[in-house]
Structures are given as C-alpha cells and as structure tokens.
Amino acid sequence: MPKGWRFIAQRALPEAILDWDVPLSLSSNPKRDLSGPGSMTGTIEPEYARLIAGDGQPIIQEWATKLYLEVDGQIRWGGIVTKTTFDNQKATIVTEGFSSYPHGIPYEDYVISGALITPKDPNAGRDKNHDGWVDGEKGKTPVPPPPKPYGGPRLDAFDAFRRIWTHVQSRPYGNIGLTIDTHLLGENLGAEDGSDPWELAWYNHPDCGQALDSLARDLPFDWIETHAWASGTGNTIDHRLRLGKPRLGRKRPDLRFAAGENISAVAKPEGMGDEFANEVIVLGKGEGQKMRRAQLHRYDGRLRRVAVVTDKQLVADRALRTRGEQELAGRTQALQIPAIQIVDHPNARFGSWQLGDDIRVQVHVPWVGDVDVWHRIVADEISADGLCVLTLKRSDSFHY
C-alpha cells in the first residue's frame, strides 16, 4: 500500500469507526462517476472477514459496512459493502457508492406535480332539463359555463429529487447519512396547464433509484457524491450529494494534459461506427397512433442515419425533445479519446480537477495525426502505483 493510503471501515448503522487500517488489496481501482455511484473492489487475505467488531458483528459485512479510501488525510472515495465472496483464505469485497443504495427500493408514497384540477361547478344541477337556462328562470338567467380546469402546484426538479431521497432515508434502517444540496434547479415538473402531470405513485411500484436517474437524465442535470472529514472532528465523516445547475464542473484552461508531459497512456481513440446517427426518433408513452413521438435531426453533410429510442416514461413534448437532443449530441460526435492515464504533474496535480470539468487533451493519434480536443471528465480512478485514469467524453457531445 502506498505511503499515505489507508482503508477505513465504518459501521453503516449507526456510524462508528470499526477499523482504521483495513488490509485491503485493490483488484479494481476506486472509481468515481459523474452522476453515478462509482465502485471499488478489493481482496483481504487471510480470514480478516472473520474478525468481530465491538458490536459482536463482523467488521466486513454486506450492507452493514461503509468503506473509505483516505489518501494523505483526505477521503478520496467512500461506499457501502454490497457483496462479499470467499475462496478459502481470501475474501473478495465489492463496494459501491452511497448513491447506489436507492436502487431496488420501492417508492411507497404519492407525489404529483402539475396535476389537472377541475373545480367544482357551483351551478351543477340547476338545469335539470338541459335547456341552457336556470330551472324556473327560462329566458332570464342562463346557466354559466363551468369553471375551466387548471394546473395544480408544481415541484422544482431538485425538490422532487430530494423528496425521493428523503423517502429512502426516512424508512426504518434506511438513513445512510447523505445530505442533498438545497438549491433549486429552476425547472418545474409537469405541464403548467395540467395536461401532463409528473407523478410518482406507490401503486405503480416505482423504483427509487430509477426515478432519481430518470430525473437527472430527462431534465438534465448532474450530481456528484462526496465524502470528507467533518470540520473539527477526528472520526465523523460528512456525506454529500452535490447537484449541478444545469451541470457540474467548468472549463479548465489552467490545466494541461499533453502526451510526453503528464499523459502516460491513451486509450484507443474511437469514432461512433454503427452508433452514429444524425436523426433521432423518440417514442414515448402510449400505443399505436396515440403514442407520443418526437423527431429531431442534425444533418452535417454525412448520409442520413436514424436511431430510434423508446422510453415509455416520456409524455411531455419537452421531455421527448430533450431525450432526442441528448441522443443526437452523443451520436454525432467526431473522434474522441475515451480515457487517458496521467501522472501527478505540475500541469495538473491530482485532485486539482473535479468530475464534470472540461479539459484540453493534446495527443498524437496514428492515422489521424495530432489531436487537440476539449473533453469532459466523466469518471476518475486513482491507483496505488501513483497513476490516475480519467474517463472522457467529447465536450461537444453534451447538450445543455
């Protein structure tokens, strides 16, 4: 294990440090994902998993242990042990970020944004013979038209996101200690006139994790999970979910990533191949002629190629178009560098970037030549050998 590295085990409920230096050997590097939980896998040998903590339970236990990587006093990764397998003296430990927890948990409440409200007609029953006049006042008092339906209160998307998380963490044994940013996105869910409400209803058996992912994808917005020592404490860890409006990260002209300087390896560059499309058809809720549909194109001189995307959760025209624009942005991109391996260097010190940042990548690609393109960091993996892998997507493949 490199100097300054240690793995810390903590009981999930309640949070209490169990071991300050777990002898974990990494088999996959700790990975952080933009708008995803990330993961880390390692092994322990021999038989450490049988050690018992002060509460009488094993130190490493599925869904009962939180595991962190601390580097030089700073927590660089945190997650929940979700799977353990044993092979004689060796235990394999799979850990996933806190934000993986809502997946598989049902939403057991009801929330609606932009419901269609039909007011009660104060004149109902006053025209029993249906002649258009108030009974007994024919020719004198016509029956007024009923009040028009209207759209009900609407939730900001971030409020809905927080409401789902609150539901997850308010259930018995469900509070994983994650704090969600409190600001608003500025986008309300559901149509203003009530024609297309956003609804999450227990009787439809929605999955909380899928509902959270759908909100982030359809609006869209970013989120990042972070863990840090609480100020002024020696054993308390704060867990936070940062929300981006409309995205996290920024353009980083102050950082340099160049071959021969701090880039030690480059993943094989890739184009879109069979995934290329400059026209997208999005199919939403409904069947037959009543199916919701949107069609978008971005013709660029290349032959027309069409991708069809089906998402039965989409109803509103805006949601359909947003999904189509996301597909187009991802499918019309040119050559991209999917990942780079870097060393700690004055060009860009480890920890100087954040997920979501746009960085300029300068490399030489055989058959193509020198490539100088802005990419966005969508994941990073720090390794014990002093290297870091950045997973990238072309900046122009994102639509905001």
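Residues numbered from 1 in each chain as written. Predicted model: local features only at pLDDT ≥ 70, side-chain atom pairs only at ≥ 80, totals over all residues. Heavy atoms only, no water.

**A closer look at the sheet that holds strand β14 (residues 237-243)**
Quick reminder of the rule: In short, DSSP must find at least two bridges between two strands for them to pair. Secondary structure elements are defined from DSSP: runs of H or I of at least 4 residues count as helices, runs of E of at least 2 residues count as strands, and each element is numbered from the N terminus. Lines fitted to C-alpha atoms define the axes, with helix axes restricted to the stretch in contact, and inter-axis angles between N-to-C directions lie between 0 and 180 degrees.
Spatially, the three strands line up as an open sheet ordered β11-β14-β13, and their pairing is mixed. Either end of the sheet is taken by a strand with one partner, and the two such strands are β11 (178-180) and β13 (223-229). Each neighbouring strand pair of the sheet contributes to a mean axis angle of 25°, computed without reference to strand direction. The pairing of β13 with β14 spans seven bridges and is antiparallel. When the sheet's bridge partners are listed, Trp-223 is paired in β14 with Leu-243.

**Quick word on helix α1 (residues 157-170)**
Here is the rule we go by: One less than the residue count of a helix, multiplied by 1.5 Å, gives the span that helix is expected to have. Here's how the labels work: a residue is buried when its accessible area is under 20% of the maximum for its type, exposed when over 50%, partly exposed in between, all with a 1.4 Å probe on protein chains only. Pairs of residues are marked as contacts when any of their non-hydrogen atoms sit within 4.5 Å.
With 14 residues, α1 extends 20 Å from end C-alpha to end C-alpha; this agrees with the ideal 20 Å at 1.5 Å per step. Counting buried positions over the 14 residues of α1 gives ten, a clear majority of the element. By the burial criterion, the buried members of α1 are Ala-157, Phe-158, Ala-160, Phe-161, Arg-162, Ile-164, Trp-165, His-167, Val-168 and Gln-169. Here the buried face of α1 lies against β11, β12 (198-201), α2 (208-218), β13 and β14.

**Description of the pairing of strand β17 (residues 279-283)**
Judged by how many residues are buried, β17 sits mostly within the fold: five of five residues are covered. What you see with β17 is no split at all: Glu-279, Ile-281 and Leu-283 on one side and Val-280 and Val-282 on the other are buried throughout. As defined by bridge partners, β17 adjoins strand β18 (residues 293-297) across five bridges and the pair is classed as antiparallel. Each bridged residue has a counterpart across the sheet, and for Glu-279 the counterpart in β18 is His-297. Relative to strand β19 (residues 306-310), β17 is paired through five bridges, and the arrangement is parallel. Bridged to Val-280 within β19 is Ala-307.

**Structural notes on α2**
Just so we agree on the cut-off: Each polar contact in these results corresponds to two N or O atoms within 3.5 Å; when the atoms are within protein, one needs to be able to donate a hydrogen and the other to accept it, and residues that are neighboring in sequence are counted only if both atoms are side-chain atoms.
Of all eleven residues in α2, eight are buried, a share of seventy percent or more. By the burial criterion, the buried members of α2 are Cys-208, Gly-209, Ala-211, Leu-212, Ser-214, Leu-215, Ala-216 and Asp-218. Buried residues along α2 sit in contact with α1, β12, β13 and α3 (317-331). Of the residues flanking the start of α2, the one acting as N-cap is Asp-207, its side-chain oxygen 2.9 Å from the backbone nitrogen of Gly-209.

**Overview of the packing of aromatic side chains**
Under the convention used in this document: Stacked, tilted and edge-to-face are the three classes applied to pairs of Phe, Tyr and Trp rings, where Trp contributes its six-membered ring and a pair requires centres within 6.5 Å; stacked means planes under 30 degrees apart, edge-to-face means over 60, and tilted covers the rest.
As enumerated under the stated definition, the model contains eight aromatic pairs in all. Their ring planes at 85° and their centres at 4.8 Å tell us that Phe-158 and Phe-221 sit as a pair that is edge-to-face. One end of the pair, Phe-158, is in helix α1; the other, Phe-221, is in the loop between α2 and β13, and 63 residues separate them in sequence. A relative accessible area of 0% means that Phe-158 is categorised as buried. Taking 5.5 Å as the distance between ring centres and 85° as the angle between the ring planes, the aromatic pair formed by Phe-161 and Phe-221 counts as edge-to-face.

**Considerations on empty space enclosed by the protein**
We apply this condition: Residues are called lining when one of their atoms sits within 4 Å of a cavity or pocket point, these points coming from a 1 Å grid over the protein atoms alone, where a cavity is a set in which a 1.4 Å probe fits but cannot get out and a pocket is an open set with protein on both sides within 12 Å along at least five of seven lines. Grid points are joined across faces, edges and corners, and a volume is the space filled by probe spheres set on the points. Residue polarity follows a fixed list, in which Ala, Val, Leu, Ile, Met, Phe, Trp, Tyr, Cys and Pro are nonpolar, Asp, Glu, Lys and Arg are charged, and the others, Gly among them, are polar.
This structure, assessed with the given rule, holds two cavities of 30 Å³ or more. Roughly 60 Å³ of internal volume is contained in the largest cavity. What lines the largest cavity is simply Pro-30, Arg-32, Arg-76, Trp-77, Asp-380, Glu-381, Ile-382 and Cys-388. Secondary-structure elements contributing two or more residues to the lining of the largest cavity are β3 (25-33), β6 (74-87) and β22 (369-382). With three residues, the single largest contributor to the lining of the largest cavity is β22. A per-class count over the lining of the largest cavity returns four nonpolar, no polar and four charged. Of all the elements in the fold, those that place two or more residues in the lining of the second largest cavity are α1 and α2. Of the residues forming the lining of the second largest cavity, the biggest block, three residues, is contributed by α2. The residue inventory of the lining of the second largest cavity, partitioned by class, reads six nonpolar, three polar and one charged.

**Overview of the packing of α1 against α2**
Rule in force here: Roughly parallel refers to an angle under 35 degrees, roughly antiparallel to one over 145, roughly perpendicular to one between 65 and 115, and oblique to any angle outside these ranges. Crossing handedness follows the turn of the near helix against the far one: under a right angle anticlockwise gives a left-handed crossing, and clockwise gives a right-handed one.
At a minimum axis separation of 10 Å, α1 and α2 run at an interaxial angle of 165°. Comparing the axis directions of α1 and α2 gives the class roughly antiparallel. Crossing angle aside, the handedness with which α1 passes α2 is left-handed. Taking contact as the criterion, the partners of Ala-157, Ala-160, Phe-161, Ile-164, Trp-165, His-167 and Val-168 in α1 are, on α2, Cys-208, Ala-211, Leu-212 and Leu-215. Here the residues of the contact of α1 with α2 are counted per class, giving ten nonpolar, one polar and no charged.

**Quick look at a nonpolar patch on the surface**
Here is the rule we go by: The residues that make up patches have over 30% relative accessible area and no salt bridge, and they are joined within 9 Å when like-charged or within 5 Å when they are Val, Leu, Ile, Met, Phe, Trp or Tyr. Only the protein chains shown count as cover for residues, with accessible areas throughout obtained via the Shrake-Rupley method and a probe of 1.4 Å. Salt-bridge detection follows one rule: a side-chain nitrogen of Lys or Arg within 4 Å of a carboxyl oxygen of Asp or Glu.
Nonpolar side chains collect at one region of the surface, where Tyr-110, Trp-202 and Tyr-203 lie side by side and expose about 340 Å² of accessible area between them. Within the fold, Tyr-203 resides in the loop between β12 and α2. On the accessibility criterion, Tyr-203 (43% relative accessible area) is partly exposed.

**Focus: the layout of surface pockets**
Here the largest pocket defines a volume of roughly 1300 Å³. As for the largest pocket, its lining consists of 40 residues, and the residues nearest its centre are Trp-198, Asp-218, Gln-313, Leu-314 and Ala-319. For the lining of the largest pocket, the elements supplying multiple residues, two or more each, are β12, α2 and α3. Broken down by class, the residue content of the lining of the largest pocket amounts to 19 nonpolar, nine polar and twelve charged.

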